[in-house]
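Here is what each chain is made of, one letter per residue.
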Amino acid sequence: MRDRAGRHPAVQIDGLHVELGANSVLEGIDLEVADGQTLALLGANGSGKTTLVRAVLGLVPATRGRIAVYGADLVMRRAVPWSRLGYVPQRVNAQPVMSVTAEEVVAAGLLDHRRLVPGSHARERAQDALGQVGLRERSRDNVHLFSGGQQQRVLIARALIRRPDLLIIDEPLSGIDHDSQTALAVTLSDLQARGTTIIVVLHDPGVLAPLIHRTVVLDHGRVRHDDAAGIEGFPPRAGSTLPSDASDDARVRGTDRAPHPDHHALDLTTGRRGSS
Amino acid sequence: MTFLDTLLSMLSSELMQRALLIAGLVGVSAPVIGTYLVQRRLALLGDGIGHVALTGVAMGWLAGAAAGTASADALAVPGAVAAAIIGALLIEFVRDRGRTSADVALAMLFYGGIAGGVLLIGLAGGTAANLTGYLFGSISTVDSLDVWLSAGLAVFILGVGLGLRPALFALCYDEEFARASGLPVRALNILVAVTAALTVAISMRVVGVLLVSALMIVPVAVAQLIAPSFRATMGVAMVLGGIVCVVGLSITYFHALSPGATITVLAITLYAGVAVIRPLLHRRRHLRRPDPQHLQHLSRVGAVRGYPADTRADGHARVASASRGARSDAPRRNTSRSA
Ligand SMILES: Nc1ncnc2c1ncn2[C@@H]1O[C@H](COP(=O)(O)OP(=O)(O)OP(=O)(O)O)[C@@H](O)[C@H]1O
Ligand SMILES: [Mg+2]
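Residues numbered from 1 in each chain as written. Chains lettered and ligands numbered in written order. Predicted model: local features only at pLDDT ≥ 70, side-chain atom pairs only at ≥ 80, totals over all residues. Heavy atoms only, no water.

Looking at an unreviewed UniProt entry, one finds chain B named Metal ABC transporter permease, with Arthrobacter bussei as its source organism. Recorded in UniProt for chain B, the comment headed Sequence similarities (unreviewed entry) runs: "Belongs to the ABC-3 integral membrane protein family." (UniProt positions renumbered as here; feature names shortened; annotations may be inferred.)

So this is what it looks like as structure tokens:
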């Protein structure tokens, strides 16, 4: 359902059922994630959290039900605004076969259904994104020689480089050292302040707790708890970072990518804004 | 006759000029698609396609015999191209559907392709010599049409492999992420399969269907040992592929050896040589060097937000402190924007 301003929610899930093999993994999920909301998805191992976020990204097909992202039904792949979505998977999927630099992995995040080749400045943007996760110095190094936590941060950079409006992160805190968790919290808080919608799968909110507007708990493929109470009252974005009406409208029409007033990430390491 | 005389006579032979040109084209283009296949752990795909291509050659022969064309070879290459493409699409289809049975499907194609090819060539009245030519390569009969055909295929392979490298890299490195990015994964997969098939068809003449895959894979294996990135791996593999093909083919001018076998042995010798030398060249890296930027990042983090002290507070206090944090951050943001 659209809100009063006529905007589509970031994600709208109606009666979603997913079966994988013989398993019925998701059994009737209804969930609407408002634009700008930060939602934590919790639940025991095997409760279906990863499957749910994978379904939202079109990686597993819905057996029944419907998923729309910014009003676009996932069944119509070509109509989905892919460049607005960023995804950080739970695990590194890639096989360590040949040397691949962090920069090459992160630059792959610039591609979408219309862009098969990244534009100019791909390398600079990749380095900036790696800077956001504290790995700028390692951008020419082989990712397969990185530690598990460093690899996870490369995947986060690969999602950040898209400057997504909807960021989906699957268990970003597991296996990550305390300092990097804190750094991630700051990065996410910056994104949140810019109006980014965040869906984060967690076992323990930890350092991300202050950012969470809403918590949804899955249990055997169903929503067991949804403290949607926080939806109405969730803290408004800080005054100066709230998008102006004009650019907000442009953003809804999908015409805006660049002129968003707070589009450039504040790079805490330098105090400068990243180049676009 | 001195070595130089022989070399000159080789280079002045028109047949040899054409053969060397084709070998160079094949040597440079085969590793391009090979790099993607190695990254995807599909190194044996070329082999499967090669075996199927042999059946295509045989069908071309049968068709040629039926149509009464002058040379039995005339339809061999078109037959190989068609069979290779069908085989590649079949393998891709199986890979896309059931991952577990993919290697069994590949094995079926291997055996079916080679057995079918040998049977059909026999039926078409081919000799053992004809068969050996296709199995291990023979470019003693290349004409200028072959050169043009090879050049056209090479342009296609290089155009796809280099022009779409970012998308194909994304696909082969992490297919799931490519899908989640909205990339047209199925179309790209089909493109890779078809390009691999054309690579097999173009390489078949030089190294033969049994060793086609070696040309796609071994230069990449060598490059993998020394190149620091995906891009560099592909570049080094192209250069090495070109060199071993041209040198290997030249050797067969001096000694009556099978070109495919010569080129492959040369490439594998190169691999062994580089593998032995590499540890000597390998400079020590300082992997544990702390990242100064990251440290600076963290120190600011602590100063600006007061993390992680806030995180122990409960419920709304936490949310409030987060938004307060954002607010207190705001003036600084404004200054830096206007600056
Ligand atoms: N490809 C698959 N085929 C069959 N069943 C699957 C597949 N993937 C996941 N499942 C099943 O679906 C259920 C949910 O898995 P999922 O990965 O979504 O759980 P999760 O909540 O993310 O768990 P975790 O906390 O361990 O990450 C599990 O019971 C799992 O066995
Ligand atoms: Mg999971």
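Right, let's get into the overall build of chain A. If you tally the helices and strands in chain A, you get seven helices and twelve strands. For chain A, with 276 residues in total, the buried portion stands at 59%. Of the contacts formed within chain A by residues at least 6 apart in sequence, a portion of 66% connects residues at least 24 apart. Of the accessible surface of chain A, which amounts to about 11000 Å², a share of 49% is contributed by carbon and sulfur atoms. (Helix = DSSP H or I, 4+ residues; strand = E, 2+ residues; numbered from the N terminus. Buried < 20%, exposed > 50% of the residue type's maximum accessible area, 1.4 Å probe, protein only. Contact = heavy atoms within 4.5 Å. Areas by Shrake-Rupley, 256 points an atom, 1.4 Å probe, with all protein chains shown as cover.)

On to the coordination of the magnesium ion (ligand 2). Residues and elements named next belong to chain A. Protein-derived ligands of the magnesium ion (ligand 2) are Thr50 (OG1) and Gln90 (OE1), with the metal-ligand distances lying across 1.9 to 2.3 Å. Residue threonine 50 is located in helix α1 (residues 49-56), and its partner glutamine 90 is located in the loop between β6 (85-88) and α2 (102-107); the two are separated by 40 residues in the primary sequence. The partly exposed category is assigned to threonine 50, whose relative accessible area is 23%. Taking relative accessible area as the criterion, glutamine 90 reaches 22% and is therefore assigned partly exposed. (Donors = N, O, S within 2.8 Å, 3.2 Å for Na, K, Ca; no water.)

Residue and element names in this part refer to chain A. Taken together, 14 residues lie around ligand 1, and Asn45, Gly46, Lys49, Thr50 and Thr51 are the ones closest in. Here an oxygen atom of ligand 1 and a side-chain polar atom of asparagine 45 are 2.9 Å apart. Burial of ligand 1 by the protein amounts to 62% of the accessible area it has alone, namely 640 Å². Of all the secondary structure elements, the ones that give two or more residues to the shell around ligand 1 are β2 (23-33) and α1. Considering every element that reaches the shell around ligand 1, the biggest residue donor is α1, with three residues. For the shell around ligand 1, a count of residues per class yields three nonpolar, nine polar and two charged. (Near = heavy atom within 4 Å. Polar contact = N/O pair within 3.5 Å; in protein donor to acceptor, adjacent residues only side chain to side chain. Nonpolar A, V, L, I, M, F, W, Y, C, P; charged D, E, K, R; others polar.)

Position of A:Arg162 among the secondary structure elements: in the loop between α4 (148-160) and β7 (166-170). Buried charge without a partner: A:Arg162 forms no salt bridge, and the closest opposite charge is A:Asp112, 5.0 Å away. There is a polar contact of 3.2 Å between the side chain of A:Arg162 and the backbone oxygen of B:Ser181. (Lys, Arg positive; Asp, Glu negative; His and termini not counted. Salt bridge = Lys/Arg side-chain N within 4 Å of Asp/Glu carboxyl O.)

Residue and element names in this part refer to chain A. The strand order β2-β1-β4-β5 describes an open sheet built from four strands, whose pairing is antiparallel. In the strand order of this sheet, the two ends are held by β2 and β5 (72-73), each with one partner. Across two bridges, strand β4 (residues 64-69) lies against β5 in antiparallel orientation. Within the sheet, the bridge partner assigned to valine 69 lies in β5 and is alanine 72. (Pairing = 2+ DSSP bridges.)

The next thing to look at is the pairing of β4(A). All names here are of chain A. Two elements, strand β1 (residues 11-20) and β4, share five bridges in a ladder whose sense is antiparallel. When the bridges of β4 are listed, aspartate 14 appears paired with arginine 66. In this antiparallel pair of consecutive strands, β4 and β5, the connection spans two residues, and tyrosine 70 shows a positive phi of 50 degrees.

We now examine the packing of helix α3 (residues 45-67) of chain B against helix α4 (residues 76-97) of chain B. Residue and element names in this part refer to chain B. It is at 7 Å that the axes of α3 and α4 come closest, and there the two elements cross at 140 degrees. Here α3 is positioned oblique relative to α4, judged by the angle of their axes. Where α3 crosses over α4, the two elements pack in a sense that is right-handed. Here α3 contributes Leu45, Ile49, Val52, Ala53, Gly56, Val57, Gly60 and Trp61 to the contact with α4, which in turn contributes Ala76, Gly79, Ala80, Ala83, Ala84, Gly87, Ala88 and Ile91. (Axes fitted to C-alpha atoms, helices over the stretch in contact; angles between N-to-C directions. Parallel < 35°, antiparallel > 145°, perpendicular 65-115°, else oblique. Left-handed = near helix turned anticlockwise from the far one by under 90°.)

Moving on, we come to unusual backbone geometry. The phi dihedral of A:Tyr70 falls on the positive side, at around 50 degrees, and the residue is not glycine. Relative to the helices and strands, A:Tyr70 is located in the loop between β4 and β5. On the accessibility criterion, A:Tyr70 (9% relative accessible area) is buried. For B:Arg41, which is not a glycine, the phi torsion comes out positive at approximately 60 degrees. On the secondary structure map, B:Arg41 appears in the loop between α2 (14-39) and α3.

All right, on to the sheet that holds β6(A) then. The strands making up a sheet associate through hydrogen bonds between their backbones, and the pairing can be parallel or antiparallel. Residues and elements named next belong to chain A. One open sheet holds the six strands; their spatial order is β6-β7-β8-β3-β9-β10, and the pairing between them is mixed. Each edge of the sheet is formed by a strand with only one pairing partner; in this case those strands are β6 and β10 (222-226). Taken over all neighbouring pairs, the strand axes of this sheet differ in orientation by 20 degrees on average, direction set aside. Inspection of the sheet shows strand β3 (residues 38-43) paired to strand β9 (residues 214-219) by five bridges, in the parallel sense. For glycine 43, the partnering residue across the bridge sits in β9 and is leucine 218. Docked against the sheet, α4 engages β6 and β7, running at close to 175 degrees with respect to β6.

For the rest of this paragraph, the subject is the environment of B:Ala151. The residue B:Ala151 is located in helix α7 (residues 144-163) in this model. Taking the relative accessible area as the measure of exposure, B:Ala151 reaches 23% and is therefore partly exposed.

Residues and elements named next belong to chain A. With respect to burial, strand β8 (residues 197-201) is a largely interior element, five of its five residues being buried. Of the two faces of β8, both are covered, the one formed by Thr197, Ile199 and Val201 as well as the one formed by Ile198 and Val200. Bridge analysis of β3 against β8 gives four bridges, and the strand direction is parallel. Residue pairing for β8: alanine 40 is matched across the bridge by valine 200.

With that out of the way, let us pick up the packing of aromatic side chains. Scanning the model with the defined rule gives six aromatic pairs over all chains in all. Ring centres of B:Trp61 and B:Tyr134 lie 6.2 Å apart, and the angle between their planes is 80 degrees; on these two criteria the pair is classed as edge-to-face. Taken as a pair, B:Trp61 in helix α3 and B:Tyr134 in helix α6 (residues 128-136) lie far apart in primary sequence, 73 residues in all. In this pair, the class of B:Trp61 matches that of B:Tyr134, namely buried. Measuring from ring centre to ring centre gives 4.8 Å for B:Phe169 and B:Phe230, while their planes differ by 50 degrees; the resulting arrangement is tilted. Pair noted here: B:Phe169 is in helix α8 (residues 165-173) and B:Phe230 is in helix α12 (residues 230-254), with a separation of 61 residues, a long-range link. Here B:Phe230 falls in the buried class, since its relative accessible area comes to 2%. Put simply, the rings of B:Tyr36, B:Phe169, B:Tyr173 and B:Phe230 touch in pairs and so form one group of aromatic residues. It is A:Arg84 that lies over the ring of A:Tyr70; its NZ or CZ is 3.7 Å from the centre. (Phe/Tyr/Trp six-rings, centres within 6.5 Å; stacked < 30°, edge-to-face > 60°. Lys NZ or Arg CZ within 6 Å of the ring centre and 35° of its normal.)

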